[in-house]
Amino acid sequence: HEPMPQRLIPTFFILIAPPAVGFISYLRMTFGSNDLVSQFLYLIAFFFLMQLAFMVKMFTKLKFFISWWAYTFPLDAITIATILQYMMFRTAFLKWLSIVLLIVTTVVIGIVAYKTVQAALKKKSVWRRSKMRNFALIIGIIIGFAFGTFFTGLTFKIAAPHLLFKEIESPYSF
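Residue positions are given per chain, counted from 1 along the sequence in the order it is written. At least 70 in pLDDT is required for a residue's local features to be given in this predicted model, at least 80 for side-chain atom pairs to be given and counted, and no such filter applies to totals for whole chains, interfaces and linings, which use all residues. Only heavy atoms go into the side-chain values, all of them from the structure, while hydrogens and water stay out.

Asks: Teacher, can you tell me more about the environment of A81 here?
Replies: Strands here are runs of E lasting at least two residues and helices are runs of H or I lasting at least four, both read from the DSSP assignment and numbered beginning at the N terminus. Assignment of secondary structure puts A81 in helix α4 (residues 72–89). Counting along the chain gives 36 residues from A81 to A45, while the straight-line C-alpha distance between them is 9.0 Å. For this analysis, residues touch if any pair of their heavy atoms sits within 4.5 Å. Beyond its immediate chain neighbours, meaning those up to four positions away, A81 contacts A20, F23, I24 and Y42.

Asks: Teacher, can you tell me more about the layout of surface pockets here?
Replies: Unoccupied space between atoms shows up once a probe the size of one water molecule is rolled over them. Estimated volume of the second largest pocket: approximately 450 Å³. Definitions used throughout: a 1 Å grid over protein atoms alone; a cavity as a set of points that fits a 1.4 Å probe which cannot get out; a pocket as an open set with protein on both sides within 12 Å along at least five of seven lines; a lining residue as one with an atom within 4 Å of a point. Around the second largest pocket sit 20 residues that line it, and F13, V56, F59, T60 and V108 are the ones nearest its centre. Looking at the lining of the second largest pocket, the elements with two or more residues in it are α2 (36–53), α3 (56–60) and α5 (92–121). The element best represented in the lining of the second largest pocket is α5, accounting for 9 residues. Grid points are joined across faces, edges and corners, and a volume is the space filled by probe spheres set on the points.

Asks: So what exactly am I meant to see when it comes to the packing of helix α1 (residues 17–29) against α2 here?
Replies: Between two packed helices, what matters for the description is the angle formed by their axes and the separation of those axes. Packing of α1 against α2 leaves a shortest axis separation of 8 Å and a crossing angle of 155°. As far as their axial angle goes, α2 and α1 are roughly antiparallel. Of the two elements, α1 crosses α2, and the hand of that crossing is left-handed. Here P19, A20, G22, F23, Y26 and L27 of α1 lie close against α2, whose contacting residues are V37, S38, Q39, L41, Y42, I44, A45 and F48. When residues are grouped by polarity, Ala, Val, Leu, Ile, Met, Phe, Trp, Tyr, Cys and Pro land in nonpolar, Asp, Glu, Lys and Arg in charged, and all others, Gly among them, in polar. A breakdown of the residues in the contact of α1 with α2 according to their chemical character gives 11 nonpolar, 3 polar and no charged. Axis lines are fitted through C-alpha atoms, for helices just across the contact stretch, and the angle between N-to-C directions can take any value from 0 to 180 degrees. Angles are sorted into four bins: roughly parallel if under 35 degrees, roughly antiparallel if over 145, roughly perpendicular if 65 to 115, and oblique for all others. Left-handed describes a crossing whose near helix is turned anticlockwise from the far helix by less than a right angle; the clockwise case is right-handed.

Asks: I keep staring at a nonpolar patch on the surface and nothing clicks. Help me out?
Replies: Together, W96, I99, I103, V107 and I111 give the surface a local cluster of nonpolar side chains, amounting to about 480 Å² of exposed area. Each residue is assigned to one of three classes by its accessible area relative to the maximum for its type, calculated with a 1.4 Å probe on protein chains only: buried under 20%, partly exposed between the two thresholds, exposed over 50%. Among the residues examined, I111 registers a relative accessible area of 40% and is labelled partly exposed. Each patch is built from residues lacking any salt bridge and having more than 30% relative accessible area; the joining distance is 9 Å for like charges and 5 Å for nonpolar side chains (Val, Leu, Ile, Met, Phe, Trp, Tyr). The Shrake-Rupley method, run with a 1.4 Å probe sphere, supplies the accessible areas, and residue values consider only the shown protein chains as cover. Salt bridges are identified by distance alone: a Lys or Arg side-chain nitrogen within 4 Å of an Asp or Glu carboxyl oxygen.

Asks: Hey, could you run me through the packing of α1 against α4 in this one?
Replies: Close contact between α1 and α4 brings their axes to 8 Å; oriented N to C, the two are set at 40°. When the axis of α1 is compared with that of α4, the two are oblique. The interaxial crossing formed by α1 with α4 has left-handed handedness. Residues A17, A20, V21, F23, I24 and L27 of α1 form the contact with α4, whose own contacting residues are F73, P74, A77, I78, I80, A81, L84, Q85 and M88.

Asks: Even after reading the chapter, I still don't get the nonpolar core, so can you show me in this structure?
Replies: One recurring pattern in soluble globular proteins is that nonpolar side chains are buried together. The term nonpolar core refers to a set of buried residues drawn from Ala, Val, Leu, Ile, Met, Phe, Trp, Tyr and Cys, joined through side-chain atoms within 4.5 Å. In terms of nonpolar packing, the biggest core is built from 31 residues, with F13, F23, Y42, L49, F59, Y71 and I78 touching the most fellow members. Elements supplying a minimum of two residues to this core: α1, α2, α4 and α5. A total of 8 residues in this core trace back to one element, the largest contributor, which is α4. When residues no more than four places from it in sequence are discounted, the contact partners of F59 are I9, P10, F12, F13, L52 and Y71.

Asks: Quick question: what am I supposed to make of the packing of aromatic side chains here?
Replies: A ring pair, where both rings are aromatic, is described by two values, the distance of the centres and the angle of the planes. Aromatic rings from Phe, Tyr and Trp, with only the six-membered ring used for Trp, were paired whenever their centres fell within 6.5 Å, and each pair was classed as stacked if the ring planes differed by under 30 degrees, edge-to-face if by over 60, and tilted otherwise. All told, the structure shown has 8 aromatic pairs when counted by the stated rule. An angle of 75° between the planes, with centres 5.1 Å apart, marks the rings of F13 and F59 as edge-to-face. Taken as a pair, F13 in the segment before α1 and F59 in helix α3 lie far apart in primary sequence, 46 residues in all. Residue class for F59 comes out buried when judged on its relative accessible area of 7%. Grouping aromatic residues by their ring pairs yields a cluster made of F13, F59, F64, W68 and Y71.

Asks: Whenever I open this one, α2 confuses me. Can you help?
Replies: Each α-helix winds once per 3.6 residues, and so residues spaced three or four apart point in a common direction. The span expected for a helix works out to 1.5 Å for each residue beyond the first. Compared with the 26 Å implied by 1.5 Å per residue over 18 residues, the 25 Å span of α2 between its first and last C-alpha is a close match. Every buried residue of α2 is accounted for by S38, Q39, Y42, A45, F46, L49 and L52. All buried residues of α2 project into a common sector of 155° when viewed along the axis, lining one side. Those residues of α2 that are exposed and angled more than 90 degrees off the buried face are L36 and F40. As for α2, its buried residues are in contact with α1, α3, α4 and α5. The directions considered for the arc run from the helix axis to the C-beta atoms.

Have a look at this one:
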């Protein structure tokens, strides 16, 4: 069979998101219950992350395509899931893994956003649009980033005392 086109290779990261988001949702629905289902979901997501981490050399050699945005959401999901795991177990490994994933996710999102703006500014854009459309795209990204940052901050200010930043206590004692 034909090898996967380069522009679709970043979509491998989508495999991380369903079990990671499932883990987060399951914890919220069961009020922080740490059972076999939650651990299964987290470990499947972590397994996919480790598989893709060993392929990092291939990902770094790829030419930029808009499909690079497929890196961002799954990395966010596994980072949040790992932070929740740390909040339950309080192990040094999970603390450092959370920090590393948070840094990696932030850097990846910054690189993808930079590459998107850079591609939009080039004469031959990845979307093959006119200069005016590329300018509108850049303005849209800037406005979207500003509004997204504002509303995310507002949401955290309102929701933090009631949602994820509340410590989750494990039913198990260690």
